[in-house]
Amino acid sequence: MISSSLQKGLAMATFQIDIPFLENLKDLIREKEDSELRRKFKPMHYADLAEIIELLSKDDATYIVKLLGSKTTAEALAEVDPDIRESILQNLSAKEIALEVSELDTDDATDLILELPEDRQEKVMSQIEDNEHVQDIRDLLKYDENTAGGLMAKELVKVQEGLSILKCLNEMRAQAENVTRVHSIYVVDEKNKLKGRLSLKDLITANSKDKVKHIYIPKVDYVTVEQEKEEVPKIMSKYDLEAIPVVNRDKELLGRITIDDILDVIKEEAEKDYQMAAGISNDVEADDNIIELVKARLPWLFLGLLGGLGSVFILQDFEGIMSNPKLRNLFFYTPLIAAMAGNVGVQSSAIIVQGLANDIVKGPLFHRLVKEVGLSLINGFALALVIILFGLLSKQEFIVSLTIAGSMMLVIVVAALVGTFIPIILDKRGIDPAIATGPFITTANDIFGIFLFFYIAKFALGF
């Protein structure tokens, strides 16, 4: 059962989307009980409507969208999975899509337009009656989707610094009609350059004859249209912002980015990093076709295979110890050493990647490596004691147990250094460091671990 909460006014009701509800909905669609369908959907939050659309067939979802009209379905369509939305839009005419676009804020409207084939984009925009809305969409289409400009919306409230408080309030009322939620009131000069922001408290307590320039707050955080979109969440998180203005190189105010758009970016980045950490190089989903899934997974599996073959060659160099009853136990510890190397490397790289993502990994690389060595020595010593204790209980020769324990300590230190060093270097070279937490680190540390284990054992035990 899938449940969600719907709040309307001060009353809270629980809306449930379960199999009986969906079956009843399909029956009503099949029998074309339009009045009953409208009644069911009338009090529904757009997020619940979006969830239902995703659970229906393409034809049934299209029927609902056409029946309820753009004022009800526009925001829901903006929330629907892009692949499902694309299939629904194929069933709508240019005029019907234009009505949906007209109800959306410019950022969501632009995203929807971008999903259409180029020939349909112009047809849809030619059907939108609000020329200013069309121009705003065209402006946003110019920006790369991976920049702050590609995230921003045009809707905001701004006032000129020369206005009196009374005129400022009138200007705000006029602009607020086209803004879904007013997060901030920005102050600009006569050339539209961002000067600061207005405090609501200062505004309502000021004398009506005062000027905006006398009460506005000059300190205002902003981003430029060219900044990469991954930088925006860091800035908004650092300064605890719900919205942030976007300016060009001349500091002209162009739009704003709100927290809901930032949550989408964070989710997208988290999903991408999770897939890369698992050794999936492309952005894929469970419902994608087999070819796309193979293309995303196979390269990293191939890397793992090469690493495994490297380990085989290393082990072949030491196959002679299998004939020595006192030393052949070393081979039985190979999976343990490889596993410890891989686990430690992934732990170290995961912490570093997280720190890089949150912009908290700073200072000299040397200090970071020294800290990691100290931590590895403590962890390695504790685990080495367990190995020695296990050797005593299994009546293994003490020198063999000591050699295995010492080798494992060194392997842990090296694995931690590799797990720390590689993500930082990748980040400095502009490569996503999340790639380091997956098979790349695991494979590298498996090879290093086995190599160090046997060569240290050879040196200590003299075989």
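Structure shown above.
Notes on the structure follow. Everything quoted here is computed from the prediction, not taken from an experiment.

### A few points about the pairing of strand β8 (residues 253–258)
Link 1 in the chain: Most of β8 is tucked away: 6 of the 6 residues are buried.
Link 2 in the chain: As paired elements, strand β7 (residues 243–247) and β8 share 5 bridges and run antiparallel to each other. Counterpart to P245 in the pairing with β8 is R256.
Link 3 in the chain: Where β7 hands over to β8, the hairpin turn is made up of 5 residues, of which K251 adopts a positive phi near 65°.

### Focus on the pattern of salt bridges
Link 1 in the chain: Within the structure shown, the criterion is met by 11 salt bridges.
Link 2 in the chain: Among the ionic pairs, E115 bridges to R85, the shortest N-O distance being 2.4 Å. Of this pair, E115 sits in the loop between α8 (106–114) and α9 (118–126) while R85 sits in helix α6 (residues 82–89), placing them 30 residues apart in sequence.
Link 3 in the chain: The exposure class assigned to E115 is partly exposed, which follows from its relative accessible area of 23%.
Link 4 in the chain: Of the residues examined, R85 reaches a relative accessible area of 7% and is grouped as buried.
Link 5 in the chain: Of the charged contacts, one joins R249 and E226 as a salt bridge, the two residues approaching to 3.5 Å between their closest N and O atoms. Of the two residues, R249 sits in the loop between β7 and β8 while E226 sits in the loop between β6 (223–224) and α15 (231–238), which places them 23 residues apart along the sequence.
Link 6 in the chain: Using a relative accessible area of 40% as the deciding quantity, one classes E226 as partly exposed.
Link 7 in the chain: Through salt bridges with shared partners, a single ionic network connects D139, K142 and K154.

### Some thoughts on the sheet that holds β7
Sheets are built from strands that pair by backbone hydrogen bonding, the pairs being arranged parallel or antiparallel.
Link 1 in the chain: Reading across the sheet, the 3 strands line up as β6-β7-β8 and stay open at both edges, with mixed pairing between neighbours. Of all strands in the sheet, those bounded by a partner on one side alone are β6 and β8.
Link 2 in the chain: Taken together, the 2 bridges between β6 and β7 define a ladder with parallel strand orientation. Each residue of the ladder has a partner; that of T224, found in β7, is V247.
Link 3 in the chain: Its contacts with the sheet place α15 against β6, β7 and β8, and it is angled at close to 130° to β7.

Reading the values: rules and limits
- Residues numbered from 1 in each chain as written.
- Predicted model: local features only at pLDDT ≥ 70, side-chain atom pairs only at ≥ 80, totals over all residues.
- Heavy atoms only, no water.
- Buried < 20%, exposed > 50% of the residue type's maximum accessible area, 1.4 Å probe, protein only.
- Helix = DSSP H or I, 4+ residues; strand = E, 2+ residues; numbered from the N terminus.
- Pairing = 2+ DSSP bridges.
- Salt bridge = Lys/Arg side-chain N within 4 Å of Asp/Glu carboxyl O.
- Contact = heavy atoms within 4.5 Å.
- Axes fitted to C-alpha atoms, helices over the stretch in contact; angles between N-to-C directions.

That is the geometry; function is a separate question.
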